[in-house]
Amino acid sequence: MNDDAPSLGRLEVRLGHLLVTGVIASAILLAIGLGFWLSGSHMTAAAWLLNAGLIVLMSTPILRVLVSFAEYVAMKQWFFVGVTVLVLLELTVTVLVALHRLSAFP
Amino acid sequence: MASGAIAGCLGALLGLGGGVFLVPFLNAWFGLDFKTAAAISLVTVIATSSAVSAGTAGRNLINLRLGMLLEVASAAGGVAAGVTVARLSDITLERGFAVVTALIAVLMLTRLERRNVIVDTTVDPGPLGGRLHDEETGGEVVYRVRRLPVALGTSFLAGNVSAAFGIGGGILKVPVLNAWCGVPMRVSAATSSLMIGVTAAASLPIQYANGYVNPPLAAAAVLGVLIGSRGGLWFGLRARAKWLKLLMAMVLGLVSIIYLRKTL
């Protein structure tokens, strides 16, 4: 356990950077979108920005799992590679169901 | 937006998503239907999760391995909840929720003085345990993870509850990890905060596709929660574990009473 503590610490910091980037990007999109929406002008742009912000927000945790997967592969910790793959499979099911619903009811 | 800020502050403090406060507010006061309130709240859960985890990353509080292992169960719970919830009425769900929160509040109160850490640093923390610097004793402490099946089962339930009520699910995981699985309070909260993002992402895209997410309201709630979670994070790193537990028990009791009154 203690041999890989530094690399786990590095992963924690890297994930932290990824999460903060995702949050800031989505907050900017949502804030500008909300501003447009409240002003009542540029409603198409407002809808686009708001939805883009929400999608960036939803994607951030999924990206976090993808980065963890790559890092565990690099660390050759196969048990946790397997665990991460399971989580990714579950998230894939959700995204596929969502895309199916979106295409069924546009 | 103000309610988002308060919810975010308390959420960050307790490792909950803050949805526990936002859902009753949006549902009962703002007059949104339950599914819309829950979906908007789930959006803020992801925002809280990312923001809080970004803030705690590097402090050795997040247990990444335990978190990922439990995410298998919580994400499965999130995916499965869509099916489960459709077969139950809102009243049944709300009553169940009131009972569960009341039980956890009682559990929390009985464990106020308990500490899970082993001060002897030569003890092997095992593959899932860890070490951390303890603010209260000023030294390094070790903990081991016990009763892993309990943690996995709770995470699955938390995933269900998260998707159904628009809360993070930390409300279930944090007390159980702390009281039964040997994980220190701050590690439970930090790990849960990281997990709830993935848990919410396992069900929110479906709700988004169903049109339950109102984009402008969700944006306002997210911005409020992001502002509030900064305050909660600052306070959470300084407050004593005992007071965190007491505050959590009070919050749970209040939520329980609100839901009981709603359904009776």
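Residues numbered from 1 in each chain as written. Chains lettered and ligands numbered in written order. Predicted model: local features only at pLDDT ≥ 70, side-chain atom pairs only at ≥ 80, totals over all residues. Heavy atoms only, no water.

S.K.: How would you sum up the overall build of chain A? Please name residues and give values.
M.R.: Helix and strand counts for chain A stand at three helices and zero strands. For chain A, the N- to C-terminal ordering of α and β elements is α-α-α. Seen along its three principal axes, the alpha-carbon backbone of chain A occupies a region of about 55 × 30 × 15 Å. Considering chain A as a whole, with its 106 residues, one finds that 41% of them fall into the buried category. In chain A, of all internal contacts separated by at least 6 residues, the share reaching a separation of at least 24 is 52%. When the accessible surface of chain A is summed, it comes to about 5,700 Å², and 76% of that surface belongs to carbon and sulfur atoms. Taking the average place of the 5 positive charges on the side chains of chain A and the average place of its 5 negative ones, the gap between the two points comes to 9 Å. (Helix = DSSP H or I, 4+ residues; strand = E, 2+ residues; numbered from the N terminus. Buried < 20%, exposed > 50% of the residue type's maximum accessible area, 1.4 Å probe, protein only. Contact = heavy atoms within 4.5 Å. Areas by Shrake-Rupley, 256 points an atom, 1.4 Å probe, with all protein chains shown as cover. Lys, Arg positive; Asp, Glu negative; His and termini not counted. Charge placed at Lys NZ, Arg CZ, Asp CG, Glu CD.)

S.K.: Lay out the interface of chain A and chain B with the relevant residues and their values.
M.R.: Taken residue by residue, the interface counts 45 residues in chain A and 51 residues in chain B. Here chain A and chain B share an interface that buries about 3,900 Å² over both sides, 77% of which is from carbon and sulfur atoms. For the interface between chain A and chain B, the tally reads one salt bridge. Where R64 of chain A meets E71 of chain B, a salt bridge forms, and the shortest distance between an N and an O atom there is 2.7 Å. Those elements giving two or more residues to the side of chain A that touches chain B turn out to be α1 (5-39), α2 (43-75) and α3 (78-104) of chain A. Of the residues assigned to the side of chain A that touches chain B, the class counts are 32 nonpolar, eight polar and five charged. (Buried area = accessible area lost by both parts, 1.4 Å probe. Salt bridge = Lys/Arg side-chain N within 4 Å of Asp/Glu carboxyl O. Nonpolar A, V, L, I, M, F, W, Y, C, P; charged D, E, K, R; others polar.)

S.K.: Can you explain the nonpolar core? Please cite residues and give values.
M.R.: One finds Y72 and L91 of chain A together with V43, L64, V183 and V213 of chain B to be the most contacted residues of the largest nonpolar core, which totals 73 residues. Element by element, the count of residues in this core is highest for helix α3 (residues 34-56) of chain B, at ten residues. Those residues in contact with V213 of chain B that lie beyond four places of it in its chain are L54 of chain A together with A39, V43, L204, Q207, Y208 and A218 of chain B. Of all hydrophobic cores here, the second largest spans 23 residues; its members include V23, F97, V161 and I171 of chain B. (Core = buried A, V, L, I, M, F, W, Y, C linked by side-chain atoms within 4.5 Å.)

S.K.: Explain the pattern of salt bridges to me, using residue names and the numbers behind them.
M.R.: Residue and element names in this part refer to chain A. Following the criterion strictly, the structure yields two salt bridges over all chains and no others. Two residues, E71 and R14, come together in a salt bridge whose shortest N-O distance is 2.2 Å. Taken together, the residues span a long stretch of sequence, with E71 in helix α2 and R14 in helix α1 at a distance of 57 residues. Overall, R14 belongs to the partly exposed group, its relative accessible area being 40%.

S.K.: Tell me about the packing of α2 of chain A against helix α8 (residues 185-201) of chain B, residues and numbers included.
M.R.: In a pair of packed helices, the angle between the axes and the distance between the axes together describe the arrangement. At their nearest, the axes of α2 of chain A and α8 of chain B sit 9 Å apart, and the two run at 115° to each other. On the basis of their axis angle, the class for α2 of chain A and α8 of chain B is roughly perpendicular. Helix-helix and strand crossings are classified by hand; for α2 of chain A and α8 of chain B the assignment is left-handed. Here α2 of chain A contributes M58, P61, I62, R64 and V65 of chain A to the contact with α8 of chain B, which in turn contributes L194, M195, G197, V198 and A201 of chain B. Residues that form the contact of α2 of chain A with α8 of chain B fall into these classes: eight nonpolar, one polar and one charged. (Axes fitted to C-alpha atoms, helices over the stretch in contact; angles between N-to-C directions. Parallel < 35°, antiparallel > 145°, perpendicular 65-115°, else oblique. Left-handed = near helix turned anticlockwise from the far one by under 90°.)

S.K.: Residues and numbers for the packing of α3 of chain B against helix α6 (residues 148-165) of chain B, please.
M.R.: Residues and elements named next belong to chain B. For the pair α3 and α6, interaxial distance at closest approach is 7 Å and the crossing angle is 120°. Looking at the two axes, α3 sits oblique to α6. Contacts between α3 and α6 involve F34, A38 and L42 on the former and, on the latter, S162, A163, A164 and F165. Looking at side-chain class alone, the contact of α3 with α6 contains six nonpolar, one polar and no charged residues.

S.K.: So what's going on with α3 of chain A? Residues and values would help.
M.R.: In this model, α3 of chain A (27 residues) spans 39 Å end to end at C-alpha, consistent with the 39 Å of a helix rising 1.5 Å per residue. Those residues of α3 of chain A that fall on the buried side of the exposure criterion are F80, V81, V83, T84, V87, L88, E90, L91, T94 and A98 of chain A. (Expected span 1.5 Å × (residues − 1).)

S.K.: Describe in detail the side chain of S203 of chain B, supporting the description with residues and values.
M.R.: Tracing the chain through its elements places S203 of chain B in the loop between α8 and α9 (204-209). What S203 of chain B contacts, discounting residues up to four positions off in sequence, is T94 of chain A together with L42, G78 and A163 of chain B.

S.K.: Lay out α6 of chain B with the relevant residues and their values.
M.R.: All names here are of chain B. In a regular helix each residue adds 1.5 Å, so 18 residues correspond to 26 Å; α6 covers 25 Å between its end C-alpha atoms and thus fits that length. Taken together, the buried positions of α6 are A151, T154, S155, A158, G159, N160, V161, S162, A163, A164 and F165. Positive backbone phi, at 70°, marks G166, one or two positions downstream of α6.

S.K.: Go over the environment of W48 of chain A, please, and point to the residues and values.
M.R.: Residues and elements named next belong to chain A. Here W48 shows up in helix α2. On the basis of relative accessibility, which here comes to 60%, the residue W48 falls in the exposed class. Taking the C-alpha atoms as reference points, W48 and L29, separated by 19 residues in sequence, lie 9.2 Å from one another.

By themselves these figures say nothing about function.
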